[in-house]
Every structure is written in structure tokens, then in C-alpha cells.
Amino acid sequence: MKTNKKRILIVDDDAAITAAIASVLEENPMYQVTATNNPYEAYNLASVMEYDLVISDVDMPSLRGDMLYLC
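S.K.: Which parts of the structure should I look at to understand the nonpolar core?
M.R.: One recurring pattern in soluble globular proteins is that nonpolar side chains are buried together. One finds Leu 9, Val 11, Ala 42, Ala 46, Tyr 51 and Met 60 forming the largest nonpolar core, which totals 6 residues. Listed by contribution, the elements that provide at least two residues to this core are β1 (6-11) and α2 (39-48). Excluding residues that lie within four positions of it along the chain, Leu 9 makes contacts with Thr 34, Ala 42, Leu 45, Ala 46, Tyr 51, Leu 53, Val 54 and Ile 55.

S.K.: Explain the sheet that holds strand β3 (residues 53-56) to me, please; I cannot follow it from the model alone.
M.R.: In any sheet, the strands associate via hydrogen bonds between backbone groups, in a parallel or an antiparallel arrangement. The parallel open sheet is built from 3 strands, whose spatial order is β2-β1-β3. In this open sheet, the two edge strands, each paired with only one partner strand, are β2 (31-36) and β3. Mean inter-strand twist for the sheet, computed between neighbouring axes without regard to direction, equals 15 degrees.

S.K.: Would you mind showing me how to read the side chain of Thr 36 here?
M.R.: Within the element layout of this structure, Thr 36 appears in strand β2. When neighbours within four sequence positions are excluded, Thr 36 is seen to be in contact with Ile 10, Val 11, Asp 12, Thr 18, Glu 41 and Ala 42.

Rules of the game
- Residues numbered from 1 in each chain as written.
- Predicted model: local features only at pLDDT ≥ 70, side-chain atom pairs only at ≥ 80, totals over all residues.
- Heavy atoms only, no water.
- Core = buried A, V, L, I, M, F, W, Y, C linked by side-chain atoms within 4.5 Å.
- Buried < 20%, exposed > 50% of the residue type's maximum accessible area, 1.4 Å probe, protein only.
- Helix = DSSP H or I, 4+ residues; strand = E, 2+ residues; numbered from the N terminus.
- Contact = heavy atoms within 4.5 Å.
- Pairing = 2+ DSSP bridges.
- Axes fitted to C-alpha atoms, helices over the stretch in contact; angles between N-to-C directions.

Listed below in C-alpha cells is the structure:
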């Protein structure tokens, strides 16, 4: 039986938070998790890949997390 993994993108400028969230989600084999601490990288990833869920810090110093929703 083939299952489709749900794609999740995590972005936060705090590496500890990103790692903690990713660690919990990666325990579930139904999730394909991509995590980054660079909001510009997250924006580029979200521009070329469709994610089922984006978990983003809104208040990052270089790019607001809510800008990812404009991709």
C-alpha cells in the first residue's frame, strides 16, 4: 500500500525552535519535513514546492514569516 507523505515546511530564525519542531514531526512517518532558519530559503522553497503545512515564525529580523503565504 503506497501512502503520500504530507509535506511540511518549518522556518524560524531560532535554530533551537526549528530543530525541536522538526524533531517531533519527523517521528511520524507520514510527514516529509523540511526545516530552515533562513526565511529567504523558505520563501524560495515555498515558491517551487507545494507544502501541505507551513509553520513559520512571523517576527523574523530579515523577512516576515507571513510573506511566505504570498508564494
